[in-house]
Structures are given as C-alpha cells and as structure tokens.
Amino acid sequence: MKIAIPKERRPNETRVAASPETVKKLVALGCDVFVEKGAGAAASFTDTAYKDAGATIGKDATTTYKDAKAVLKVLKPIAGGKDDELKAMPKGTVVVSIADPYRSEKELDAYAKAGLTVFAMDFVPRITRAQSMDVLSSQSNLAGYKSVLDGAAVFNRAFPMMMTAAGTVAPAKVFVMGAGVAGLQAIATARRLGAVVSATDVRPASKEQVESLGAKFVAVEDDEFKQAETAGGYAKEMSDAYKAKQAALIAETIAKVDMVITTALIPGRPAPVLVTAEMVKSMKPGSVIVDLAVETGGNCELSVAGKVVEKDGVSIVGYHNVPGRLATDASSLYAKNVVNFFELMFDKEAKDLKIDWDDEIIKGTCITHEGSIVHPALAHAEKKTVSKAEPKAAVAKTATSKKTPAKRAPAKKTVAKKVAAKSTAKTAAASKAAPRKAASAKKAPVTSAESKSGTKTEPNDGGNA
C-alpha cells in the first residue's frame, strides 16, 4: 500500500511527519512511501536521505497523494483555498495528523464530506500502552526546553551566579507557571543554566515533582488546595476565595523574579490568563515573559502571537510553534509517535490496513469516518454531517463499525433501510435526544495544559495543537 508524506503548507510549520529513520521502518513493513520533494528541508532531512531510506520522492503534492491509502502529516489537512489538500485525497483515505479538533469545526465538516477517515494524534489517550504515541508530550518537552533558551536570548543578564574579581553577578530568578511536561522541562533547563527557579501548579501532586528538580513550589497550601485533584489526576475548579488568595501570591512572586515562563492550556478553550497587565507593570525593567500558550490566546494579557513585544520595560516572547523551532528533533520524535500509531492499524502479513475499531487508542483518536464526525467529545457536530435521511442511529453505527473504510456499502444499506422504515415522529424524537447526548459528552474535566500529574499520565500541555 502507498503512504504519502506531504510537505506541510500551514504558516510557521517547519516539521515533517516522517524522518529517514521512520521511512525505513515503513518500507520494512512492506509499504510504498512517497515523500513530497522538499518536505523535510526545514528539518534538515534531505530528499537524498529519504531516497536512501527507500522512499520515492514525489515532485509535487498531486503526485505524492495520488492513490495513497494513508497520509501522514504534522498538522491537519487544509480544506479549501489555493492550497486545498482534500481534492487530491481519494474517498476513504486514512489521514493521521495533529488535528486540533475542538477548534476545527469547519475542517471536520469538510473531512467528513470528503469521506476521509481522520485520526487526531492530539487525542491519543493518556494510557501506558499509548505513551510511545503521545505527541503532546514529545512536543511539549521540547517546547519547555526551548522556552528557556528563547527567554535567555532576550534577557540582558546572565543566568548563573558568577563570582569575579570585578564583582559578583547574581543568579537569574525564573518562575515557571505550570508543572506539566513543558513546565517540568523548563524548570530543569533553567536550573541547568544556573538560575534560581520557582514554580506553581494547581495540583498538589506537582509539588513533589517541582521540588525534585530543585525548584521552590509556590502555592496557597490550604485545605482546599489539598483536595484540588480528582481521582484521575486532573485539577478541580477552585473557589473564588482560593483563586483570589492564589492570585495575590502569584502577583507578589512575579514582582520579584527576572523571568516568567507560562505553559497553561485548556483543551478546547482559550488559554487562561495567568499574568495580567498589572503584574507585568510590577516586574523589574529588563524582565522577560515567555508565553507558550500564545497561539491559543495567551497566558499573558499583553503577549502577541509571533512577536517579541516590550511593555513597561518587560520583554514578552510569543513565538509561533515553539517545538518547530527545534525542527529536526521535533520531527524525529513526532515521526516515531506516528509510526508507532500507524503500526496499530497495519496488518504485517497482509501488508495492508486492518483497523481494529474496538481498540481504545483507535476509538479515542478517530474523529471522522464514513462521512460522519464520530468522536464522542465532538458529538455536538454529528448532526451537521449526517443528512436528514440518516439520523443519529447512523452515526452510532458508523462509530462502532469494525469494517475498514474500503468496506462501507453494506453498513450504509442497512442503515438506509432502517431509516426508511421509521416514522416521522420517531425521527423527530431521535433528533430531540441528540443535543442532550452531546451535552453530556462535552462534560470533560476542566483542565489546564499542566493539569495532569506526570506520575500518572502526562498532561495535555505546551503543545502546538
């Protein structure tokens, strides 16, 4: 079967979904791998390196996509416009990418309409068996590291303490907001550079992790804080009184430090504002803020996506796609995540796709299939992609079907007969029930990017999703 690795066309994207190393693995499985010309250039992977690994170099996107059964990408396919990628993908094509489903309603409708089976790597369940596929962790780890280097690049002082004949240079004070994957790596990196580091997080379990890296933990540790974590390791919503006390402590801390690194994200929502304009004003001239959540609204009220701005003498760093600023390593790690995921769907004996729809990783990542949006967390969008002749039952059948995309006709005929036999009243009742089901599906824990304990499963943070 043919696998396509296209060049990424979205702005600011430097990564690629396959490295020469993972191409070798795919070829060893018996796949024909087509890599678009120049796809890995920004990540320092040459066409020659891909060719030597066994890939065929496609001269353009059309050649690369033609007859491909699977497409491996970094970011979701572009739907519409001059760079439309859907028109080159045959119906039933399996697409694996970081899809950012919560903020991609129009694209999901387009993918469903095009008949694509799309898997969102950013929806990989946080379970032990899926750790090798966890793109959010692999990319957040690099983002946390790079955030410190980016901050150091605009900081006009040294990080470590230096004792010289001319005098002593005091160590920089760095405050990390959020102790998930990105935050913990930022702590470790700042410590390696010689800074005095402190950090905060809304979960009690994070205190031990922060202190194990040699940083000071900052939080209002009252009785409410001790109960601030669910059994699953997620943060609970805190009372207004606690939030006020915590905000006062954070404001006091920020005024004393030289650099603040923010990493908090909330899946499906704008990033929470952690650093207000007043807090920025309280910082010393020459201080730095690095906002890793700038692409989803920003943790700092004054950050600007894609720019370094100066406000009240404070430099606020808001670079796009921070993992992509380390394109070679980010691509290598992402490519390994993708290959590990792809192997779940591949039959090594038949040398073809064989998707097990009962596998919790497969079910947890599939967002569109057979013309519908099928992920439970996106249930509110199902009725938009299902025609009036195919009520909610059709979606349920699609989501649980064990058939591969190539064997779709029997399932659709069965559904069509059932629909034809239903009365208008029953159809109306089914449509009224749908919104209630969707509403319950959306009640996931309210979590930040740093909300889940690293000792259990890694948090959904710091990412470029």
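This one's a predicted model, so the numbers in the text were calculated from it and none came from an experiment.

Each value, and the rule that gives it
- For every chain, the first residue of the written sequence is number 1, and numbering continues from 1 onward in sequence order.
- Local features in this predicted model are restricted to residues of pLDDT 70 or higher, and side-chain atom pairs are both shown and tallied only at a pLDDT of 80 or more, whereas totals for entire chains, interfaces and linings draw on every residue.
- Excluded from the side-chain calculations are hydrogens and water; all other atoms, namely the structure's heavy atoms, are used.
- Secondary structure elements are defined from DSSP: runs of H or I of at least 4 residues count as helices, runs of E of at least 2 residues count as strands, and each element is numbered from the N terminus.
- Working definition: with a 1.4 Å probe on protein chains only, accessible area under 20% of the residue-type maximum means buried, over 50% means exposed, and in between means partly exposed.
- Any two residues whose heavy atoms approach within 4.5 Å are treated as being in contact.
- Salt bridges are counted wherever a side-chain nitrogen of Lys or Arg sits within 4 Å of a carboxyl oxygen of Asp or Glu.
- Each axis is a line fitted through C-alpha atoms, taken for helices only over the stretch in contact, and angles between the N-to-C directions span 0 to 180 degrees.
- The sense of a crossing depends on the near helix, which, turned anticlockwise from the far helix by less than a right angle, makes the crossing left-handed and, turned clockwise, makes it right-handed.
- Ten residue types, Ala, Val, Leu, Ile, Met, Phe, Trp, Tyr, Cys and Pro, are classed as nonpolar, four, Asp, Glu, Lys and Arg, as charged, and the remainder, Gly among them, as polar.
- Here a polar contact is recorded for every N or O atom pair within 3.5 Å, except that within protein the pair must consist of a potential hydrogen donor and a potential acceptor, and residues adjacent in sequence are included only if both atoms are side-chain atoms.
- Among buried residues, those of type Ala, Val, Leu, Ile, Met, Phe, Trp, Tyr and Cys that are joined through side-chain atoms within 4.5 Å constitute a nonpolar core.

(A) Region of interest: the overall build of the protein. Broken down by element type, the protein carries 16 helices and 19 strands. The buried share of the protein, reckoned over its 465 residues, is 52%. Here the contacts in the protein between residues at least 6 apart in sequence split such that 68% fall between residues at least 24 apart.

(B) Region of interest: the pattern of salt bridges. For the structure on display, the rule yields 20 salt bridges. Between R15 and E13 there is a salt bridge, with the nearest N and O atoms lying 2.8 Å from each other. On the basis of relative accessible area, R15 is assigned to the buried category, the value being 1%. Here E13 falls in the buried class, since its relative accessible area comes to 10%. We note a salt bridge from D100 to R103, for which the minimum N-O separation is 2.9 Å. Residue classification places D100 among the buried residues on the basis of a relative accessible area of 15%. Linked through salt bridges whose partners overlap, the residues forming this network are E8, K73 and E85.

(C) Spatial organisation of the side chain of S97. Here S97 is to be found in strand 5 (residues 94-98). Residue classification places S97 among the buried residues on the basis of a relative accessible area of 0%. Sequence-distant contacts of S97, defined by excluding residues within four places in its chain, comprise K73, V74, L75, K76, P77, F119, A120, M121, D122 and Y334.

(D) Region of the structure containing the packing of helix 5 (residues 135-154) against helix 6 (residues 181-192). Following both chains from N to C, one finds helix 5 and helix 6 inclined at 35°, their axes separated by 7 Å at the closest point. In this structure, helix 5 crosses over helix 6, and the sense of that crossing is right-handed. Taken together, the residues of helix 6 that come into contact with helix 5 (itself represented by S137, S140, N141, G144, Y145, S147 and V148) are V181, A182, Q185, A186, T189 and A190. Taken together, the residues that form the contact of helix 5 with helix 6 break down as six nonpolar, seven polar and no charged.

(E) Region of the structure containing the side chain of E13. Mapped onto the fold, E13 is located in the loop between strand 1 (2-5) and helix 1 (20-28). Among the polar contacts listed, one links the side chain of E13 to the side chain of R15, at a separation of 2.8 Å. A polar side-chain atom of E13 sits 3.3 Å from a polar atom in the side chain of N321.

(F) Local environment of the nonpolar core. In this structure, F119, M121, F342 and M345 are the most contacted members of the largest nonpolar core, which totals 47 residues. Secondary-structure elements contributing two or more residues to this core are strand 1, helix 1, strand 2 (32-36), strand 4 (70-75), strand 5, helix 5, helix 11 (327-344) and helix 12 (360-365). Sort the elements by how many residues they give to this core and helix 11 lands first, with six residues. Setting aside chain neighbours within four positions, we find F119 in contact with V94, V95, V96, S97, F341, M345, I355, W357, I362, T365 and C366. By size, the runner-up hydrophobic cluster in this structure holds 27 residues, among which are F155, V210, A215 and A219.

Remember that the coordinates give geometry; whether it matters functionally is a separate question.
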